[in-house]
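# Residue-level structure breakdown
Spelled out, the chains give:
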Amino acid sequence: MGQKKDLTGSEKSKIVRYLAGGCSSLKIAKLLKRDHRTIKRFIQNSQQGRKKRVEKPRRKITAHELRKVKRAAAKMPLATSLAIFQSCNITGVPKSTRCAILRDTAKVRKAERRPPLNKTHKLKRQDWAKKYLKTDFSKVLWTDEMRVSLDGPDGWARGWIGKGQRAPVRLRRQQGGGGVLVWAGIIKDELVGPFRVEDGVKLNSQSYCQFLEDTFFKQWYRKKSASFKKNMIFMQDNAPSHASKYSTAWLARKGIKEEKLMTWPPCSPDLNPIENLWSIIKCEIYKEGKQYTSLNSVWEAVVAAARNVDGEQIKTLTESMDGRLLSVLAKKCGYIGR
């Protein structure tokens, strides 16, 4: 009788019943037609029970080592706990202890996505802040584009789910299902737009100027008084379609030139108050992890959310510019909180 594979669940149950009935291991082996050594090994392992876990003494951290860990965490903000402790030459600390120590002085956060600022960028931000420090920002039209997708940001599809309840199912689409490009502006307490860029149109200099002609100029700017047009300052970022020679010359023919066209520092989305408007709209259209089935439905949601933004909210954003300029200068032209 040769040695076979491991015992099955039914065989183990039979062994227990035979033992309870007073059968010997040899007799059980004959009844089950299994090797005697296999039966004996199972009986011995069952009688031994679980081994108790031996608690190892935890590595203690001195005050000097703790200071080294704090400095290393500040220098390596995206490093793991192991990498931080290894850089301090501190060994023998389990992961649970490392994380407990770091939780007292730090917090796990995602890296912020922002364009890097070099020395030239900072100097241009400084020059911009000084140039417009005495500007009446109630006369500035802040403009920008925003792309909205059918599903919204991935990180927003999270929430509290009760015990025993299943998480809702989210649709999955290849390439995200596309999106809608939206243009809008804010001035004082007024929202201009939003206007939808035609699907499939890539905004180059020519298409951008034609878009402004069909939407902004014909539907809003034309209705304003001569005194308003004389005092209004038009702001746009440095996207290639905005800052090209063609677009600049086209805007100049429309009367938006020189001091009426605000110069904009590079890599500075934190200085544009309309970025906060986009955040308000996105929070509304994607609340509770909402998804959309068509581009028209997500566009309708953007329009509805924009209508719900009242004048006081817009006024708060445009009036924040004085504080933003001072923050730029106070933070040595680095990024400011928005």
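How each quantity is defined
- Residues numbered from 1 in each chain as written.
- Predicted model: local features only at pLDDT ≥ 70, side-chain atom pairs only at ≥ 80, totals over all residues.
- Heavy atoms only, no water.
- Helix = DSSP H or I, 4+ residues; strand = E, 2+ residues; numbered from the N terminus.
- Rg over C-alpha atoms; globule rule 2.2 N^0.38 Å.
- Buried < 20%, exposed > 50% of the residue type's maximum accessible area, 1.4 Å probe, protein only.
- Contact = heavy atoms within 4.5 Å.
- Areas by Shrake-Rupley, 256 points an atom, 1.4 Å probe, with all protein chains shown as cover.
- Arc of directions from axis to C-beta.
- Patch = residues over 30% accessible without salt bridge, like charges linked within 9 Å, V, L, I, M, F, W, Y side chains within 5 Å.
- Salt bridge = Lys/Arg side-chain N within 4 Å of Asp/Glu carboxyl O.
- Lys, Arg positive; Asp, Glu negative; His and termini not counted.
- Charge placed at Lys NZ, Arg CZ, Asp CG, Glu CD.

Where an unreviewed UniProt entry is consulted, the protein chain appears under the name Tc1-like transposase DDE domain-containing protein, with the organism given as Oreochromis niloticus.

The helix and strand inventory of the protein chain stands at 15 helices and four strands. Scaling as 2.2 N^0.38, a compact globule of 338 residues should have a C-alpha radius of gyration of about 20 Å, whereas the protein chain reaches 33 Å, well beyond that. Taken along its principal axes, the extent of the C-alpha atoms in the protein chain is 110 × 55 × 35 Å. Counting over 338 residues, the protein chain shows a buried share of 36%. Of all intrachain contacts in the protein chain linking residues separated by at least 6 positions in sequence, the fraction that spans at least 24 positions is 75%. About 22400 Å² of surface is accessible on the protein chain, with carbon and sulfur atoms providing 51% of the total.

On to helix 6 (residues 95-105). Buried residues of helix 6: T97, R98, I101 and L102, and no others. Summarising the axial view, the buried residues of helix 6 lie within an arc of 130°, below the 170-degree limit, and thus occupy one face. The exposed residues of helix 6 that point more than 90 degrees off its buried face are K95, R103 and D104.

What follows concerns a positive patch on the surface. On the surface, R67, K70, R71 and K75 cluster together into a patch of positive charge. Turning to its location among the elements, R67 is positioned in helix 4 (residues 63-75).

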